[in-house]
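Inside the fold
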Amino acid sequence: LISTDMQFKIVSWNSAAENIYGWKADEVIGQNLNDFLKMEYPQGENYETAFQKLMEQGYLRSERINSRKDGTRFPVLSSVSFIRDEKGGNAGFVTVNRDVTENKQARELLLQQSRQLALLSEASQKLNHSLNVNEIYDTVSDFMSTIAPNDQLVISDFDPQTQLITCLAFKMDA
């Protein structure tokens, strides 16, 4: 949880913000939030359009890239709302930022597995409808090379005498 005044000067910075970003509260209180987080808006937005939405709607929920104290960049889901004064006027902003690195990695893994499952289904259909050994070999070979991670080498071989297809995958050491 981070709160700022209307010029984004940091007023409070809780322990969750310390854990996510690496700066202690006493290092950032009084400083401009944008000087630390170096926000990047990957969904076609920029600071100006995000700020305009915030001012028009009174809140903003967006995914963006922020910086940690050590310089690493990471994705956050950010929710920003106004802090109101006693008279109901805008006094500042409160921001809740959540590191979504693991969510994005899990989503990417699911997409990769979904693509592999679709390829397997396609290969299975081809194999079920073919008696041509060369076509079967091509299908298996294509499938293996498509699903193998970048750090693996796939070697496949077809022995016409035994009509056996052998596929070997080797993990390459860095």
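Residues numbered from 1 in each chain as written. Predicted model: local features only at pLDDT ≥ 70, side-chain atom pairs only at ≥ 80, totals over all residues. Heavy atoms only, no water.

1. A closer look at the pattern of salt bridges
Selection criterion: Each salt bridge in this description consists of a side-chain nitrogen of Lys or Arg and a carboxyl oxygen of Asp or Glu lying within 4 Å of one another. Each helix is a run of H or I in the DSSP string that is no shorter than four residues. Each strand is a run of E no shorter than two, and both are numbered from the N terminus. Only protein chains enter the accessibility calculation, which uses a 1.4 Å probe. A residue is then buried if its area is under 20% of the maximum for its type, exposed if over 50%, and partly exposed in between.
Under the criterion given, the structure shown has five salt bridges. Put simply, Lys-69 and Glu-27 hold a salt bridge, and the shortest N to O gap is 2.7 Å. Of this pair, Lys-69 sits in the loop between strand 3 (59–67) and strand 4 (73–84) while Glu-27 is found in helix 2 (residues 25–28), placing the two residues 42 residues apart along the sequence. Between Lys-53 and Glu-45 there is a salt bridge; the shortest N-O distance is 2.8 Å. Accessibility expressed as a relative area gives 36% for Lys-53, which makes it partly exposed.

2. Observations regarding the sheet that holds strand 1 (residues 2–5)
Here is the rule we go by: Think of it this way: DSSP has to see at least two bridges between two strands before they count as a pair. In this analysis an axis means a line fitted to C-alpha atoms, helices contributing only their contacting stretch, and an angle means the value between N-to-C directions, from 0 to 180 degrees. Note on contacts: a residue pair is in contact if any heavy atoms of the two residues lie within 4.5 Å.
The strand order across the open sheet formed by five strands is 2-1-5-4-3, and the pairing between neighbours is antiparallel. One side of each edge strand has no neighbouring strand; the edge strands of this open sheet are strand 2 (10–13) and strand 3. Between one strand axis and the next, the sheet turns through 25° on average, direction left out of account. Helix-sheet contacts for helix 4 (residues 47–57) involve strand 3, strand 4 and strand 5 (90–99), and the interaxial angle to strand 3 is about 155°.

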